[in-house]
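Geometric and topological summary
So the chains spell out like this:
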Amino acid sequence: MMTELIKKSVSKASLITILVIIGNINATASVGFYPLCLSAGWTAAEKSEGGLLNNTHYIKTDEALVQKYIGLAGKGNITAQYNLALIYATRQKDFFSAAYWYSQAAKQGHRASQNNIAVIYEHGKGVLKNYEKAVYWYNKAATQGDPVAQSNLGVMYELGRGTKKNYRSAAHWYGLAAAQGDMVAMKNLGDLYQYGQGVSKSSDKAVRLYKQSARSGYVHAQNSLAWMYSNGLGFKKNYSKARYWYRLADKQNNAFAAHRLGTFYADGLGVRQNDSKAVYYYRRAAKKGESLAQYSLGWMYSSGRGVRQSDVKSIFWVKKAAQKNNAFAQAFLGWAYRYGRGVEKNIEKSIIWYTKASKKGHRASQYSLGQIYFYGILENNINYNDAAKWYLKAALQGHTASQAKIGWMLQSGFGVQKDTKQAFYWLERSVKSGSANAQNYFGLIYYQGKGVSQDYVKAVEYFEGAIEKNHASAHYNLGIMYQHGHGVKKNSKKSLELFISAAIQGDADAQESLGIMYRKGKVVKKDKRKALYWLTKAAFHGRKNAQYILGKIYQKGWGTKRDIGKAMDWYLKAANQGHQKSQIKLNLISKIYIQSGKSGKIFVKARKAAEGDNSSAKYQLALLYLNGIGVKKDYRNAAKWFKAAADQNHIAAQYYYGLLLEKGWGVVKNYQKSAKWHLKAAEKGYKYSQYKLAFLYEHGRGGKKNIKEAIRWYTKAAKQGYFYADMALSRLPSAGSDATNKTNKQKQHKLIPIVH
């Protein structure tokens, strides 16, 4: 179907004349296209004042004959002008001269020349593209009964090129051309009947026209007929007949048909499922440039279906499709860069490809972007506003997980104005669609009593509903209720079972809780090995508290070999997320780490990595210089590498570089520059820079005091749970804060449509 639309947008009825113009005149000699060649005038005898010339399609181009035509054409001989134009267009690729001679013959009423000069104007070959002139000449030829011109004029009316869009006029001209046997016009008129454009909708008439066109050999009619059979449009679904027509189109080397045949074998539609045959057809179509086939072939390589599994080959084909703006392929690349499948993990590139797919309405990509911003997967930068924006786009398209997420955000006031009514609207829509996420969120709402009366019994009901769909977090949440006896009888054994089930399914909160339980011997027997296992799982999911505990475990050698290097690695990961205890630990044990004699290894590794283009590597090296880990503390070099990472839009690096400029550590103290860098990070939602920027405004550092701006930025940081921002707001005028909050709420509310 996509191929049909593309064909139509190019000007589907001017197939043969385009072939002539681009010099592929021999293509029109095929059996399927022969009737159209006749109607276009390529082989038809033309009577004129200058005489009769037959078989102009096979016209000779020796110098003597060309000179003869030039002489006759200059004297106004229509046939000579037409033949000379053909020679220039198809043999010499001189479209400017072709346009001149076509126009001379067209002015004398030669209908084939009128059609051809119209094609030249439509496509801008040898002349400036001009749809109005194309319509003028198509109309001249069509009025004389030229079927190709009639078909082409129908396209201009259908697409609104050079004239106002008018489906009735398009149907009129298609009908006249179809009556003369023009197979392209038959297909186009069938489209109008199929969708009820300019004519009464009639699948029966559409099918009849498609069949006439397809039997004449028109490949796109064959595809349309196959599409209708495969989807049960106009008649009962019949994969065998669909496959028959796709095979005919495939024999004409049509890439779309080959891709569809691959899909039939991949999904077992009307045939025995066969991955090898699917790959065969996908590869045929992919090599011809069919983007859907390139994506499908890449997917087969990724999953190892019909071919030996290869992430490298998968990415090779998917990239080809993505570069042709295939939304599915772009979404696939977003996923590949996010998780490092076939490419080096790169969240920034993941966002780029997800965004491309999202702008085309790919709702799963919109949801993925929401997840990235909600959880701060890019440089630990949580941005609830952007998360809400993408969740909402997907939710409006019926994406159940996004509906659940936006409902939860509205209920909690994360990134949007808190709105219980809207929250329940989205959550109920998601629950009705069978979303386990929504059931889990409803359970949390009733458990916490947010916007509703606290009701443990209802919370249990919703959690149990989500558990029936194997929702990991619901297992954990119900485990909490059994742990404390909320809404159910207290049962430590049941609680533990639910925690384990959630942890096995990948819930990071459950993994962290289990790790702590095994470490402290709560409910379960102390088990150092299991504690290390579950805490490591949670830490890799980004849980900063688990990372901090792992740092302590490796520092003290509790249940594992003492390893200061690993301890520092985990403390550093937690510190990068703003975990203050980890930052203190880093400072306290830096001397011990240096004395261990192994400190140089991590520094050398970090310095080598920083020499590349990776902004995170530059940031990590700057932190080592800042804290004196593996190298003598050096603020100057710390500033240098923070600046390098900040220039590459590394948000945390922008914060630290702004901090060094504020303090004058390793650089000349400069409040204005400090504010500039904090602003960059603050605008991306980095709460620590939002706080610092507010502080600079409050105290007039780098410029005049601006309490209103200070309150605005403190408020943003406070909404992200930054304690010190809350403290700052408490000491500033409440009236200003209220006004600012009102402004912010108005801006945020625009993200959410009113639901009646």
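Quick caveat: nothing in here was measured; it's all calculated off a predicted structure. (Residues numbered from 1 in each chain as written. Predicted model: local features only at pLDDT ≥ 70, side-chain atom pairs only at ≥ 80, totals over all residues. Heavy atoms only, no water.)

**Considerations on the overall build of the chain**
The number of helices and strands found in the chain is 42 helices and two strands. For the chain, with 756 residues in total, the buried portion stands at 53%. When contacts within the chain are restricted to residue pairs at least 6 apart in sequence, those whose partners lie at least 24 apart make up 50%. As presented, the chain carries roughly 34,900 Å² of accessible surface, and 50% of it is formed by carbon and sulfur atoms. (Helix = DSSP H or I, 4+ residues; strand = E, 2+ residues; numbered from the N terminus. Buried < 20%, exposed > 50% of the residue type's maximum accessible area, 1.4 Å probe, protein only. Contact = heavy atoms within 4.5 Å. Areas by Shrake-Rupley, 256 points an atom, 1.4 Å probe, with all protein chains shown as cover.)

**Here we look at a positive patch on the surface**
There is a patch of like positive charges on the surface, built from K356, K359, K360, K389 and K393. When residues of the positive patch are traced back to their parent elements, those giving at least two are α20 (347–359) and α22 (384–396). Summarising the element assignment, K389 is placed in helix α22. The class of K389 is partly exposed, set by a relative accessible area of 33%. (Patch = residues over 30% accessible without salt bridge, like charges linked within 9 Å, V, L, I, M, F, W, Y side chains within 5 Å. Salt bridge = Lys/Arg side-chain N within 4 Å of Asp/Glu carboxyl O. Lys, Arg positive; Asp, Glu negative; His and termini not counted. Charge placed at Lys NZ, Arg CZ, Asp CG, Glu CD.)

**Description of the environment of V127**
Considering the arrangement of structural elements, one finds V127 in the loop between α7 (111–123) and α8 (131–143). For V127 and A99, which are 28 residues apart along the polypeptide, the C-alpha to C-alpha distance reads 7.4 Å. Not counting chain neighbours up to four residues away, the residues in contact with V127 comprise A99, I120 and Y121.

**Re the packing of helix α38 (residues 671–683) against helix α39 (residues 687–699)**
At a minimum axis separation of 8 Å, α38 and α39 run at an interaxial angle of 145°. The chirality of how α38 crosses α39 is left-handed. Between α38 and α39, the contacting residues are Y671, S674, A675, H678, L679, A681 and A682 on the first element and S689, Q690, K692, L693 and L696 on the second. Grouping the amino acids of the contact of α38 with α39 by side-chain chemistry returns seven nonpolar, four polar and one charged. (Axes fitted to C-alpha atoms, helices over the stretch in contact; angles between N-to-C directions. Left-handed = near helix turned anticlockwise from the far one by under 90°. Nonpolar A, V, L, I, M, F, W, Y, C, P; charged D, E, K, R; others polar.)

**Remarks on helix α40 (residues 707–719)**
Residue pairs three or four apart in sequence face the same way in an α-helix, which turns once every 3.6 residues. Taking 1.5 Å per residue as the helical rise, α40 with its 13 residues ought to reach 18 Å, and the 18 Å between its terminal C-alpha atoms agrees with that figure. Along α40, the residues that are buried comprise E709, A710, I711, W713, Y714, T715, A717 and A718. Sitting at the amino-terminal end of α40 is N706, which places a side-chain oxygen 3.3 Å from the backbone nitrogen of K708. A positive backbone phi angle near 85° is found at G721, which sits one or two residues after α40. (Expected span 1.5 Å × (residues − 1). Polar contact = N/O pair within 3.5 Å; in protein donor to acceptor, adjacent residues only side chain to side chain.)

**Some points on the packing of aromatic side chains**
Inspection of the entire model under this criterion finds 38 aromatic pairs. With a centroid separation of 4.8 Å and 75° between ring planes, the pair formed by Y100 and W101 is classed as edge-to-face. Summarising the aromatic geometry, the rings of F442 and Y462 are spaced 5.0 Å apart at their centres and angled 25° between planes, so their arrangement reads as stacked. Of this pair, F442 sits in helix α25 (residues 436–448) while Y462 sits in helix α26 (residues 456–467), placing them 20 residues apart in sequence. Look at Y462 and you get partly exposed, because its relative accessible area is 26%. In textbook terms, an aromatic cluster arises when at least three aromatic residues are bridged by ring pairs, as seen for Y619, F642, Y655, Y656, Y686 and Y688. (Phe/Tyr/Trp six-rings, centres within 6.5 Å; stacked < 30°, edge-to-face > 60°.)

**Some words on helix α19 (residues 327–339)**
Along its 13 residues, α19 runs 19 Å from first to last C-alpha, staying within 8% of the 18 Å computed at 1.5 Å per residue. Among the 13 residues in α19, ten count as buried, and that is most of the element. Every buried residue of α19 is accounted for by A327, A329, Q330, A331, F332, L333, G334, A336, Y337 and R338. As for α19, its buried residues are in contact with α17 (291–303), α18 (311–323), α20 and α21 (363–374). Capping the start of α19, N326 holds a side-chain oxygen 3.0 Å from the backbone nitrogen of F328, two or three residues further along. Phi for G340, located one or two positions after α19, is positive at around 70°.

**Concerning the nonpolar core**
Ranked by internal contacts, the top residues of the largest apolar core, which has 85 residues, are Y102 and I117. Ranked by size, the runner-up nonpolar core spans 46 residues in total, among them L572, W641, A725 and A728. (Core = buried A, V, L, I, M, F, W, Y, C linked by side-chain atoms within 4.5 Å.)

**Details of a nonpolar patch on the surface**
Together, F723, Y724 and M727 make up an exposed nonpolar region whose accessible area comes to about 320 Å². Here F723 is to be found in helix α41 (residues 723–731).

**Some details on unusual backbone geometry**
Keep in mind that most residues, glycine aside, have a negative phi and that most peptide bonds are trans. Positive phi outside glycine occurs at N325, with the angle close to 70°. Secondary-structure assignment places N325 in the loop between α18 and α19. Of note in this structure, V523 is not a glycine but carries a positive phi near 70°. Within the secondary structure layout, V523 lies in the loop between α29 (508–520) and α30 (528–540). According to the relative accessible area criterion, V523 is exposed, its value standing at 51%.

**A short note on the pattern of salt bridges**
In total, this model carries ten salt bridges according to the counting rule given. For the salt bridge of D509 with R543, the shortest nitrogen-to-oxygen distance reads 3.1 Å. Of the two residues, D509 is situated in helix α29 and R543 in the loop between α30 and α31 (544–556); the sequence distance between them amounts to 34 residues. Note on R543: relative accessible area 27%, which makes it partly exposed.

**Describing the confidence of the model for the chain**
Overall, the predicted model of the chain reaches an average pLDDT of 83, with 85% of residues at or above 70. Confidence drops under a pLDDT of 50 for residues 1–58, and excluding neighbours within four residues, the segment shows 148 contacts in the predicted structure. A low-confidence stretch, residues 735–756 stays under pLDDT 50, and its non-local contacts, those more than four residues away or across chains, total 37 contacts. (pLDDT = per-residue confidence, 0-100.)

**Topic: the side chain of H399**
On the secondary structure map, H399 appears in the loop between α22 and α23 (400–412). On the basis of relative accessible area, H399 is assigned to the buried category, the value being 14%. When near neighbours in sequence (up to four residues on either side) are disregarded, H399 contacts R363, A364, Y367 and A394.

**Things to note about the side chain of S291**
In this structure, S291 sits in helix α17. Excluding anything up to four places from it in sequence, S291 contacts A321, K324 and N326.

**Points about the environment of A134**
On the secondary structure map, A134 appears in helix α8. A relative accessible area of 0% means that A134 is categorised as buried. When the C-alpha atoms of A134 and T163 are compared, they prove to be 10.0 Å apart, with 29 residues separating the residues in sequence. Not counting residues up to four positions away in its chain, the partners in contact with A134 are A118, Y121, E122 and M156.

**A look at the environment of S582**
By the element assignment, S582 lies in helix α33 (residues 580–595). Classification of S582 as buried rests on a relative accessible area of 0%. Within the local environment of S582, its side chain forms a polar contact with the side chain of H579, the two groups lying 3.0 Å apart.

**So, the packing of helix α35 (residues 615–627) against helix α37 (residues 651–663)**
Running from N to C, α35 and α37 point in directions that differ by 35°, and their axes come no closer than 10 Å. The interaxial crossing formed by α35 with α37 has left-handed handedness. Across from Y619, L623 and L626 in α35, the residues of α37 making contact are A652, A653, Y656 and L660. Classifying every residue of the contact of α35 with α37 gives seven nonpolar, no polar and no charged.

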